[in-house]
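Structural characterization, general
Next come the chains, spelled out residue by residue.
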Amino acid sequence: MSLKVAVLMGGKSFEREISLRSGKNVCEALEAAGYKVVPLDANNELVPTLRRERPDVAFTTLYGKQGEDGTIQSLLEFLGIPFVGSPAHVCHRAWNKDSLHSALENYRFMSDDDPIASWPQGVYITRDALTTMGAATALELVPDRVIGGYPVAVKPAHGGSALGIHKVERHEDLGEAVLDALSYDDAVNIEQWIDGVELSVSILGTGWDAHALPPVEIVAREGFYDAEARMKDDLVEFFCPVRLESLSPDPATAESIRTEVERAALEVYRAYGVRDFGRVDMVWDGAQARCFEIDVSPGMTKRSLFPMACEAAGLSLPSVLDALVQQAEGRTAF
């Protein structure tokens, strides 16, 4: 008898539509792999339905708040349902983009590995500090607090799909960008704007068994890879694997850089303790891999970066999901 897999999707976050498209694609892949699939929207009936259906494994394609912050993972742990992906405590930590530097510093303290990954320097400010403690009146300090000053990146401290992210070139535009970022979250990161080759590295596995898939190079036709570019095919080009000439005119140097990019992604992945699969977003700035965030629940639409990397590695999505489900079925829910 084939395993029953509940695919959780939808929910109430800003990323609901992407979640539904990802869920549909995952359902099709799991059905092609021979599983009995139960698609479920994450609404008020989710828990009663899960208890009635009694799935062998859950696969979540929920994004944003409740999907990537540990909420759905802790619920599945409470219900005793094994699931694909990272446990709740890992998701909770990775949800905060500002935790990257501390995660890497702690990992390096305990590991003998040579450090590879780097990250943009910046500041973290909460809504309360800005609106009830007067921090909004001190935004002119940003060039003194962020190395290099303008331009800076303003982004919600939590969330995905590039929602609320802005490139700010001058102080006069900073307040409006901060307000927009706060419309998606209760805190903002204001950090160095990093120019270079935008890359996304998907990873399969856990711990020292994890391995990187071919890096995806992302080229926005205008501006940068923002929320609008992620929704429209004509605004961005993808190259997987990354074009070597984008990294260096010398092929041997380019191959060495690609290896460094993959090692940096794996360092971030292991620093957080991500399980099963994930994705690390970064920019190669010409000297080092500047990592921005770890995605514990990568998009799974037909044009998402994780399926793209799987294809470039010669892996079909049904075979990848089959392996992930088999691993999850054999573990406890927590």
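First, a word on what this report is: a plain description of the structure on this page. (Residues numbered from 1 in each chain as written. Predicted model: local features only at pLDDT ≥ 70, side-chain atom pairs only at ≥ 80, totals over all residues. Heavy atoms only, no water.)

1. Focus on the pairing of strand S12 (residues 277-284)
Just so we agree on the cut-off: Three labels apply to residues, based on accessible area from a 1.4 Å probe with only protein chains included: buried if under 20% of the type maximum, exposed if over 50%, partly exposed otherwise in between. Comment: elements are numbered from the N terminus, with helices defined as DSSP H or I runs of at least four residues and strands as E runs of at least two. Strand pairing is assigned whenever DSSP identifies at least 2 bridges connecting the two strands.
Counted residue by residue, S12 has eight buried out of eight residues, so it is predominantly covered. Bridge count for strand S8 (residues 197-204) against S12 is eight bridges, and the pairing is antiparallel. In the strand pairing of S12, Val197 is matched with Trp284. By the bridge criterion, six bridges tie S12 to strand S13 (residues 289-295) in an arrangement that is antiparallel. Paired with Val283 across the two strands is Arg290, which belongs to S13.

2. Structural notes on the pattern of salt bridges
The condition that has to hold: By salt bridge we mean one thing: a side-chain nitrogen of Lys or Arg within 4 Å of a carboxyl oxygen of Asp or Glu.
Tallied over the full model, the rule gives 15 salt bridges. Arg16 is paired through a salt bridge with Asp41; the nearest N and O atoms lie 2.8 Å apart. Residue Arg16 is found in helix H1 (residues 16-32), and its partner Asp41 is found in strand S2 (residues 36-41); the two are separated by 25 residues along the sequence. Classification of Arg16 by relative accessible area gives partly exposed; the value is 28%. As a salt-bridge pair, Asp281 and Arg279 come within 3.0 Å of each other at their nearest N and O atoms.

3. Some thoughts on the sheet that holds S2
Pairing between sheet strands relies on hydrogen bonds along the backbone, with the strands arranged either parallel or antiparallel. As a reminder, the rule being used: Comment: axis = line fitted to C-alpha atoms, over the contacting stretch for helices; angle = value between 0 and 180 degrees taken between N-to-C directions. The contact rule is simple, with two residues in contact once any of their heavy atoms fall within 4.5 Å.
With parallel pairing, the three strands of this open sheet are ordered in space as S2-S1-S3. Unpaired on one side and paired on the other, S2 and strand S3 (57-60) mark the two borders of the sheet. Pairwise comparison of adjacent strand axes, ignoring direction, gives a mean angle of 25° for this sheet. Alignment of strand S1 (residues 4-9) against S3, held across four bridges, turns out to be parallel. Residue pairing in the sheet places Val5 in a bridge with Val57 of S3. Of the strands in this sheet, S1 and S2 touch helix H2 (residues 46-53), which is tilted by about 165° from S2.

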